[in-house]
Amino acid sequence: MNLFPSPVPIKTVALATVDDMRERIRRKSKLKGRQADSVSLDEVRQLIGMPPPQGHRRDLLIEHLHQLNDAWRCLHDRHLVALAREMKLPMAEVYEVATFYHHFDVVKGDAQAPGLTVRVCDGLACELAGAQDLLARLPALLGTADIRVMAAPCIGRCEQAPAAVVHQCPVPFATPEKVVSVVNSAVMHESRASGATNFVAADFAEKSIPVPADGATPNYTSYEAYRAGGGYRLAAALAHGARDSGAVLKTMEDSGLRGLGGAGFSAGRKWRIVRGQPSPRLMAVNIDEGEPGTFKDRTYLERDPHRFLEGLLIAAQVVGIDACYIYLRDEYHGCRDVLESELARLRADPPCPLPLIELRRGAGAYICGEESAMIESIEGKRGEPRMRPPYIAEVGLFGRPTLEHNFETLYWVRDIVEKGPSWFSSFGRNGRKGLRSFSVSGRVRNPGDKLAPAGITVQELIDEYCGGMLEGHTLYAYLPGGASGGILPASLSHVPLDFDTLQPHGCFIGSAAVIVLGQHDKARDAALNVMRFFEHESCGQCTPCRVGTAKAVRLMQAPAWDAQTLEDLAQVMGDASICGLGQAAPNPIRCIQKYFAAEVAEPRWTGPLPPPGEPVVTEHAPNGEAP
């Protein structure tokens, strides 16, 4: 018996020829997706340079996007592909960052961006001054498809309303004729100011900061002039051990200086918290003042950049900071030019050892004024706020403990330490202490930056610092803290303007941006303007803010408001939004319903009944007056 029968022959079937297998290998080895062409790669390399041995830094993505956008006045998709290859990043990541920011114009294929863009600010102060008329008239006057006219959110020139920007050249007190003249002159960049003055902000305590009548860029204090006036002596004394950092920290705590970007957290306490964290520690400076109505940081920066830089160095030495990152909003082209040149002078002749200082350029995103969104942007990402905890004092920029400060907070450090804590706290009214830089705009004779005592009322501010109301206007309402700070009626013009004084009235001071409305204005129109701003500037990360602001705009356009639905919406936005944008967006809604209900009430009949068969014409009560 054969226990091992012969195997049945199996027929061999060829699955592929040798050539087929080679073709399959060739197809699999080919990279997927769109590949960078050699011309685009060369053009990108000419702008950002060849990669260093360790490769291009991931956090410089936005800076490289700016280089491309400046050179080509847009971002061609072929350049984005080449940039992704050069930086070894996924194309999707580069694209999502580029499309997040308003100032990046991504075009596809052979499409071309307009040769020139004219932006007209439609923020509240500019709208009061006639921005909509500018937007309506300019396209016909400029008369070419190669010039694009578009509305832009607040550009930080509210005291020069209406304001426009021709490419990177601001046009203060803009008229159609003035904008056309700038376009025809081919002046595309802000004129360089002269460093031939010695501006000392403390000399203007309880005064208005002087401004050129025509809105021209003011002269500023150069590095040499600042050093001649005693500048950087304090920073050098700290660095060389002649001043005790602990004593400086105590001075800051005793002064009562609070963060002047809006949050109002004690500056000295913040220094102590970050100082207690493990090193390396970093600093992130916020000069992205995008809050409509705010221009105080620009006012000081374009006049005296080194007082801010010395404050930065003092804070860095006291806290033990290894590297500082300054985040400047893209709308401030002239300030960036000055800051870059003066930083170069400081580095060339340092009064003491300097930490690493990098200047980063925003790209048109209000949300990046929120501290964690700013940090995301500095890291080269979309400016989306982080969930907290952890707080950035513990886990911040690049995962390190981070001291975050607003520009103006650092600006006052030298004066406070040199003059003593009692100097700053000696100012104040109505039981409040300190100085506040009020950015005042709207229906006043003399808008501008007012260095007034904390606790001053809006009526005192208008009468003593602004020359009163514009002719033909009386005070009707005011926004005490920019777009997110709420709206109050003239009957509350006696409320002290400071941290913690406005909350009982449903408002807050924020960045101290005061926008004044007259009796010919409507508070509901102001509320709608700022809600449209919030809708435009929402980062879209969380649904309550992204959807809530859009729905609020639609509901607020109705002649009579659906009060209950708006309040439900406000409740959800305030409770569930990730950051302050969505949390504060309901403030204007609630203020209108509380103080100006007649403006949004059901229309009422105010005259005799018409003959039978004719319609009844109704009207709203004027400007918040009781029916």
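Fair warning: this is a prediction, and the values are worked out from it, not measured in the lab.

Calculation criteria
- Residues numbered from 1 in each chain as written.
- Predicted model: local features only at pLDDT ≥ 70, side-chain atom pairs only at ≥ 80, totals over all residues.
- Heavy atoms only, no water.
- Phe/Tyr/Trp six-rings, centres within 6.5 Å; stacked < 30°, edge-to-face > 60°.
- Helix = DSSP H or I, 4+ residues; strand = E, 2+ residues; numbered from the N terminus.
- Buried < 20%, exposed > 50% of the residue type's maximum accessible area, 1.4 Å probe, protein only.
- Lys NZ or Arg CZ within 6 Å of the ring centre and 35° of its normal.
- Contact = heavy atoms within 4.5 Å.
- Pairing = 2+ DSSP bridges.
- Axes fitted to C-alpha atoms, helices over the stretch in contact; angles between N-to-C directions.
- Arc of directions from axis to C-beta.
- Lys, Arg positive; Asp, Glu negative; His and termini not counted.
- Salt bridge = Lys/Arg side-chain N within 4 Å of Asp/Glu carboxyl O.
- Polar contact = N/O pair within 3.5 Å; in protein donor to acceptor, adjacent residues only side chain to side chain.

Colleague: Looking at this structure, I do not really get the packing of aromatic side chains. What am I missing?
Modeller: The relative placement of two aromatic rings is captured by the distance of their centres and the angle of their planes. All chains considered together, the criterion is met by 17 aromatic pairs. Consider the rings of Phe308 and Phe407, whose centres lie 4.7 Å apart with planes at 40°: the pair is tilted. Within this pair, whereas Phe308 is found in helix H14 (residues 305-319), its partner Phe407 is found in helix H17 (residues 407-411), the two being separated by 99 residues in sequence. Accessibility expressed as a relative area gives 0% for Phe407, which makes it buried. One aromatic cluster is present, built from ring pairs that chain together Tyr300, Phe308, Phe407, Tyr411, Trp412, Trp423, Phe424 and Phe427. Its end group placed over the ring of Trp423, Lys419 keeps NZ or CZ at 5.6 Å from the ring centre.

Colleague: Explain the environment of Ser266 here, please?
Modeller: Looking at the element boundaries, Ser266 is found in the loop between helix H11 (245-255) and helix H12 (267-275). Put simply, Ser266 and Glu127 are 139 residues apart on the chain and 35 Å apart in space, counted from C-alpha to C-alpha.

Colleague: It is not clear to me how unusual backbone geometry should be interpreted in this structure. Could you clarify?
Modeller: Leaving glycine aside, a negative phi is the common case for residues, and trans is the common case for peptide bonds. Between Ser279 and Pro280 the backbone carries a cis peptide bond, its omega angle lying at 0°. Of note, Pro280 is situated in the loop between H12 and strand S8 (281-287). Look at the link from Pro389 to Pro390: it is a cis peptide, with omega at 5°. Along the polypeptide, Pro390 turns up in the loop between helix H16 (371-378) and strand S11 (402-406). With a phi angle near 55°, His167 is a residue other than glycine that sits in the positive phi range. Within the element layout of this structure, His167 appears in the loop between strand S5 (164-166) and strand S6 (169-171). Owing to a relative accessible area of 18%, His167 belongs among the buried residues under this scheme.

Colleague: Mind showing me how you'd approach the side chain of Ser255 here?
Modeller: As for its position among the elements, Ser255 is in helix H11. Once residues lying within four places of it in the same chain are set aside, the contact partners of Ser255 are Ile416, Pro421, Phe424 and Ser425.

Colleague: What is the right way to read the sheet that holds strand S10 (residues 356-361) from this model?
Modeller: Backbone-to-backbone hydrogen bonds join strands into a sheet, with any given pair of strands oriented parallel or antiparallel. Strands sit in the order S10-S9-S8-S11 across an open sheet of 4 strands; the sheet is parallel. A strand with exactly one partner marks an edge of an open sheet, and here the two such strands are S10 and S11. Each adjacent strand pair in this sheet contributes to an overall mean axis angle of 20°, direction not counted. Sheet topology places S8 next to S11; 5 bridges connect them, and they run parallel. The residue bridging Ala284 from the neighbouring strand is Glu404, located in S11. Packing against the sheet, helix H15 (residues 333-348) makes contact with strand S9 (321-328) and S10, and its axis sits at approximately 165° to S10.

Colleague: In this structure, what is going on with the environment of Ser279? I would like to understand it.
Modeller: Examined against the element boundaries, Ser279 turns out to sit in the loop between H12 and S8. You can call Ser279 partly exposed: its relative accessible area is 48%. In sequence terms Ser279 and Pro401 are 122 residues apart; their C-alpha atoms lie 7.5 Å from each other.

Colleague: Any chance you could explain the sheet that holds strand S13 (residues 448-453) here in plain terms?
Modeller: Spatial ordering of the open sheet is given by S7-S13-S12-S16-S14-S15, a layout of 6 strands whose pairing is mixed. Across the chains shown, the open sheet's two edge strands, defined by having one partner strand only, are strand S7 (207-208) and strand S15 (488-489). Looking at chain direction, strand S12 (residues 435-442) and strand S16 (residues 513-518) are connected through 4 bridges and run parallel. When the bridges of S16 are listed, Ser439 appears paired with Ala513.

Colleague: Would you explain helix H5 (residues 91-98) in this entry?
Modeller: For an α-helix, 3.6 residues make a turn, and residues three or four places apart therefore share a direction. Those residues of H5 lying buried are Val94, Val97 and Ala98. Here the buried residues of H5 occupy an arc of 100° about the axis, which is enough to place them on one side. Where the residues of H5 are buried, they touch helix H3 (61-72), strand S1 (75-76), helix H4 (77-87) and strand S2 (106-107).

Colleague: What am I meant to see in the side chain of Glu599 here?
Modeller: Structurally, the position occupied by Glu599 is in the segment after helix H25 (586-595). This buried residue, Glu599, is left without a salt bridge; Arg524 holds the nearest opposite charge, at 5.4 Å. Only 3.2 Å separates the side chain of Glu599 from the backbone nitrogen of Ala523, close enough to count as a polar contact.

Colleague: I would appreciate a short explanation of the pattern of salt bridges in the present structure.
Modeller: Opposite charge on two side chains lets them pair, provided their charged atoms get close. This structure, assessed with the given rule, holds 42 salt bridges. Between Arg57 and Asp59 there is a salt bridge, with its nearest N and O atoms 2.8 Å apart. Under the relative-accessibility criterion, Asp59 is labelled buried at 10%. The partner of Glu370 in a salt bridge is Arg388, with the nearest N and O atoms 2.9 Å apart. Of this pair, Glu370 sits in the loop between S10 and H16 while Arg388 sits in the loop between H16 and S11, placing them 18 residues apart in sequence. Classification of Glu370 as buried rests on a relative accessible area of 13%. Salt bridges sharing partners connect three or more residues here, namely Arg57, Asp59, Glu358 and Arg360.

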